[in-house]
Amino acid sequence: MIFFTKMRVNGDEFIVIDNRQHGYCSAELATLARELCLEKSTLASGGLLVVEKTRDPAQHFFMRAFNCDGSEETLSGNGARCLAGLAFQSGIAPREMTFGFSGGIVHATVDPVPPDPSTSLVTLDMGGVDLGHAQWHQTFSFWGRNFVYHALSIGGIPHCVLPLDNLEDLSPSDLIPLARGLRFDAKRFPEGTNVNFLERDEEGQSVRLLTYQRNVNRLTSSCGTAIAAGGIVACLSLGCFSPVSVITPGGVSEVTVRQDTTSAESVRISLRGEALCLTKGTILFDAGSAFRTSRPVCTSLL
């Protein structure tokens, strides 16, 4: 039996488990992610988040994130906001916290949203983003047209951002072939890439963002690192003002982009938005099942 919490950020839903005492191995966690978070499951489609012990006394915990297919991601921006909100609500960490992930550290500040104790406003400081290897104003030919894109990495996760006009006029049947053309372009992106379609408003205060995620190969409601990538491109290439509102199908996040004083080729990024605790419950397994037959039991908090 495993206790879990279901969280939501920007329409992205995650299952969170506390692994600080139980010591489930990577293979078990990957299997659990596949069982609970596949698209056919109604429990969560965003993935599995795991709280683990940290060896660094300056950190409050260590974060791991597993995709729906069982693969482990270096960082989930939406997931990090979920964990920060839950860590504060459950007493794992104070309001201002630091936690690690495989690619570095994250600083977060959590503000409760009264009168609802299940909702928190989380500001996630994602630290410096190295743009030394970013590719700006690249051209990709598709449908007999040339599309301009910008490529950069957030927390070790590759992102390709395509500024477009009138994003609302394009249907998924228009966007998905274009996204797949870039995502599976092994010459440009040997490890694949998330593909983000971005539209700037006339005032330069907000952008609309639609993301095709490489780990699920479909358009999703939102992606935290994609929101960060979209905010960077909006401010550095499209003339938007920081902080900029990034509007996704799942909700709105505020992205702050500022120059990193330690490096001319880096910027510092922070994300701000709500994290909502939806349910708590237990995952029950048949004896000797090795996570093959799971049966979640949920208690609604709404």
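Predicted model only: the values in this text are computed from it and were never measured.

K.L.:
Which parts of the structure should I look at to understand the packing of aromatic side chains?
P.N.:
The geometry of an aromatic ring pair is captured by the separation of the ring centres together with the interplanar angle, meaning the angle of the planes. Counted under the stated rule, the structure contains 5 aromatic pairs. Ring centres 5.9 Å apart and planes at 15° place the aromatic pair F140 and F142 in the stacked group. According to the relative accessible area criterion, F140 is buried, its value standing at 6%. A network of ring pairs unites the aromatic residues F140, F142, W143 and F147 as a single cluster. Above the ring of F184, the side-chain terminus of R183 is found at 4.3 Å from the ring centroid.

K.L.:
Is there a simple way to explain the pattern of salt bridges in this structure?
P.N.:
Two side chains of opposite charge can pair, provided their charged atoms sit close to one another. What the rule picks out here adds up to 12 salt bridges. Residue D111 pairs with R95 through a salt bridge whose shortest N-O separation is 2.7 Å. Of the two residues, D111 is situated in strand β7 (residues 104–113) and R95 in the loop between α2 (77–89) and β6 (96–101); the sequence distance between them amounts to 16 residues. Looking at R95, the relative accessible area reads 34%, which means it is partly exposed. Here D111 ties to R272 by a salt bridge, and the two come within 4.0 Å at their closest N and O atoms. Pair noted here: D111 is in strand β7 and R272 is in strand β17 (residues 266–285), with a separation of 161 residues, a long-range link. A single network of salt bridges, built from pairs that share partners, joins R95, E96, D111 and R272.

K.L.:
What am I meant to see in the packing of α2 against helix α4 (residues 224–236) here?
P.N.:
Packed helices, taken two at a time, are described by their axes: the angle between them and the distance between them. Two elements in contact, α2 and α4, have axes whose closest approach is 5 Å; the angle formed by their N-to-C orientations is 115°. Each of G77, N78 and R81 in α2 lies in contact with α4, whose residues at this interface are G224, T225 and I227. Taken together, the residues that form the contact of α2 with α4 break down as 1 nonpolar, 4 polar and 1 charged.

K.L.:
In this structure, what is going on with the environment of G224? I would like to understand it.
P.N.:
Looking at the element boundaries, G224 is found in helix α4. Along the primary structure G224 and F66 are separated by 158 residues, whereas in three dimensions their C-alpha atoms are 14 Å apart. Setting aside anything within four residues of it in sequence, one finds G224 in contact with G77, N78 and L271.

K.L.:
Even after reading the chapter, I still don't get the side chain of S76, so can you show me in this structure?
P.N.:
Within the fold, S76 resides in the loop between β5 (72–73) and α2. S76 gets classed as buried once you look at its relative accessible area, which sits at 15%. Only 2.9 Å separates the side chain of S76 from the backbone nitrogen of G79, close enough to count as a polar contact.

Thresholds, definitions, all that
- Residues numbered from 1 in each chain as written.
- Predicted model: local features only at pLDDT ≥ 70, side-chain atom pairs only at ≥ 80, totals over all residues.
- Heavy atoms only, no water.
- Phe/Tyr/Trp six-rings, centres within 6.5 Å; stacked < 30°, edge-to-face > 60°.
- Buried < 20%, exposed > 50% of the residue type's maximum accessible area, 1.4 Å probe, protein only.
- Lys NZ or Arg CZ within 6 Å of the ring centre and 35° of its normal.
- Salt bridge = Lys/Arg side-chain N within 4 Å of Asp/Glu carboxyl O.
- Helix = DSSP H or I, 4+ residues; strand = E, 2+ residues; numbered from the N terminus.
- Axes fitted to C-alpha atoms, helices over the stretch in contact; angles between N-to-C directions.
- Contact = heavy atoms within 4.5 Å.
- Nonpolar A, V, L, I, M, F, W, Y, C, P; charged D, E, K, R; others polar.
- Polar contact = N/O pair within 3.5 Å; in protein donor to acceptor, adjacent residues only side chain to side chain.

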